[in-house]
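One letter stands for each residue in the lines below.
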Amino acid sequence: MTMAMLGCGGFGLIPQRTPTQTPEPSVTLTPILFPTETATFTPTLIPTETLTPSPSPIATQTFTPSATATPEFIFQGPGEVIVPILLYHHISISPSGSLYYVSPEEFDRQMYLLYAWGYRTISIQQMVDGIRHGSNLPGRPIILTFDDGSESVYTEAMPIMQKYGFTGTAFVVYNYIGAGLYLDADQIRALHDSGWEIGSHSLSHVNLRQRPGKQEDEIYRSKIRLERWLGFPIPVFAYPFGANDASSLKLVRESGYIAAVGLGEGVRQSARNIYYLYRRDITSAHDLTTFAGFLPWQEDVNNLPAVTIVP
């Protein structure tokens with residue numbers, strides 16, 4: 001048994017598992033640079049929507065918004081769509097004061113704000129369809145992603161999001177599955193069965209710029225092993241630490257991923273950056289007003305519509 005550093009949100013020691021696997025086929029790389037873009041976004045306001053959510057309550061709760069209306073959808077793409085992507089790590093109280101932990105109470109307030117302002121979650125797959133072909137998306141679409149595979153994604157984030165009819169995308173590190181306070185395979189399958197998207201966050205969470213010789217293992221073999229273990233496709237990839245280079249971008253594409261996510265403040269996602277989609281990291285340093293300021297469509301944070309949860 002070996003030891004490894006924890007994921008993007010801090011460092012610590014956890015056991016790594018190294019299961020026996022049938023050798024996977026190798027990938028031949030032809031270096032091609034996929035450019036990323038730096039975009040400045042000036043939000044264009046659209047009419048505020050208020051939706052009647054489809055019933056998706058957790059065990060003992062019923063979600064009752066104060067007012068309902070017909071959902072509004074807007075055709076976006078092809079080529080470019082406006083979709084903010086948020087990045088979380090742990091939804092729990094940090095034992096050491098790490099910024100990468102957002103408390104369940106604060107996370108619930110953020111989800112409440114998103115719902116009250118008319119944001120609705122979509123998957124990366126849905127966004128990619130819009131980029132490639134054009135599609136009807138919610139008037140205020142958003143993607144909620146979670147890196148590293150913290151068990152709190154299942155125990156805390158999912159029940160809170162279910163109250164609002166939200167789903168997310170969980171990026172898991174293969175060697176972390178079932179280790180310490182990380183998701184096990186059954187919990188990952190339960191997320192998937194609940195409508196969540198599951199992606200790879202590499203085999204062992206190394207910086208791909210610093211370990212170029214490991215890129216095939218970290219990108220390609222993590223996908224193959226996750227699909228064999230979990231029993232469903234792994235369509236998307238998240239770069240550990242947001243770090244990439246020309247060869248890792250190319251390998252992500254040739255490994256069969258439809259898209260990959262990194263870091264960045266932009267909300268205009270396009271065919272040019274489909275293998276390095278922009279995500280904004282949300283930490284415990286961000287209060288609700290700061291959080292609201294990250295969103296492209298904004299209203300008065302002090303005048304949220306009434307939303308009640310009836311036990």
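Here the structure is shown first, and the text comes after it.
Below is a summary of the structure that appears in this document.

Scoring rules and cut-offs
Residues numbered from 1 in each chain as written. Predicted model: local features only at pLDDT ≥ 70, side-chain atom pairs only at ≥ 80, totals over all residues. Heavy atoms only, no water. Helix = DSSP H or I, 4+ residues; strand = E, 2+ residues; numbered from the N terminus. Buried < 20%, exposed > 50% of the residue type's maximum accessible area, 1.4 Å probe, protein only. Contact = heavy atoms within 4.5 Å. Areas by Shrake-Rupley, 256 points an atom, 1.4 Å probe, with all protein chains shown as cover. Arc of directions from axis to C-beta. Polar contact = N/O pair within 3.5 Å; in protein donor to acceptor, adjacent residues only side chain to side chain. Salt bridge = Lys/Arg side-chain N within 4 Å of Asp/Glu carboxyl O. 1 Å grid on protein atoms, 1.4 Å probe; cavity = no way out; pocket = protein on both sides within 12 Å on 5 of 7 lines; lining within 4 Å. Points joined across faces, edges and corners; volume = space filled by probe spheres on them. Nonpolar A, V, L, I, M, F, W, Y, C, P; charged D, E, K, R; others polar.

1. Comments concerning the overall build of the chain
Helices and strands together make up the secondary structure of the chain, namely seven helices and 16 strands. Counting over 311 residues, the chain shows a buried share of 55%. Long-range contacts, defined here as pairs at least 24 residues apart, represent 72% of the contacts in the chain between residues at least 6 apart. Here the chain has roughly 13500 Å² of accessible surface; of this, 54% comes from carbon and sulfur atoms.

2. Quick word on helix H4 (residues 185-193)
Inspection of H4 places Ala185, Gln187, Ile188 and Leu191 among the buried residues, and these make up the whole buried set. Buried residues of H4 fall within an arc of 165 degrees about the axis and therefore sit on the same side. When the buried face of H4 is taken as reference, the exposed residues oriented beyond 90 degrees from it are Asp186 and Asp193. The secondary structure elements touched by the buried residues of H4 are helix H3 (152-163), strand S10 (169-172), strand S11 (197-200) and helix H5 (215-230). Backbone nitrogen of Asp186 and a side-chain oxygen of the N-cap are separated by 3.1 Å at the start of H4; the cap is Asp184. At the C-terminal side of H4, Gly195 shows a positive phi close to 100 degrees.

3. Re the pattern of salt bridges
In this structure the tally under the stated criterion is eleven salt bridges. Between Lys223 and Glu227 there is a salt bridge, and its shortest N-O distance comes to 2.9 Å. In this pair, Lys223 and Glu227 both sit in helix H5, four residues apart, roughly one turn of the helix. For Lys223, a relative accessible area of 8% translates into the label buried. Glu254 serves as the salt-bridge partner of Lys250, at 2.0 Å between the closest nitrogen and oxygen. Residue Lys250 and its partner Glu254 are located together in helix H6 (residues 246-254), separated by four residues, close to a single helical turn. When its relative accessible area of 8% is taken as the criterion, Lys250 is described as buried.

4. Considerations on the side chain of His205
For His205, the location among the structural elements is in the loop between S11 and H5. A relative accessible area of 6% means that His205 is categorised as buried. There is a polar contact of 3.4 Å between the side chain of His205 and the side chain of Asp148. Engagement of the side chain of His205 in a polar contact is seen with the side chain of His201, the distance being 3.2 Å.

5. Observations regarding the environment of Asp129
Here Asp129 is to be found in helix H2 (residues 124-133). It is 8.7 Å that separates the C-alpha atoms of Asp129 and Gly77, two residues lying 52 residues apart in sequence.

6. What to know about H2
Taken together, the buried positions of H2 are occupied by Ile124, Met127, Val128, Gly130 and Ile131. Projected down its long axis, H2 shows its buried positions confined to an angular sector of 155 degrees, all on one face.

7. Details of the environment of Gly118
With respect to the helices and strands, Gly118 occurs in the loop between helix H1 (104-116) and strand S7 (119-121). Judged by relative accessible area, Gly118 falls into the buried class, the value being 0%. In the structure, Gly118 is positioned 179 residues away from Trp297 in sequence and 9.2 Å away in space, judged by C-alpha atoms.

8. Quick notes on empty space enclosed by the protein
Under the definition given, this model contains one cavity of 30 Å³ or more. A volume near 60 Å³ is recorded for the largest cavity. Along its surface, the largest cavity is lined by Pro84, Ile85, Leu86, Gly264, Glu265, Gly266, Val267, Tyr278, Arg279, Arg280 and Phe294. Looking at side-chain class alone, the lining of the largest cavity contains six nonpolar, two polar and three charged residues.

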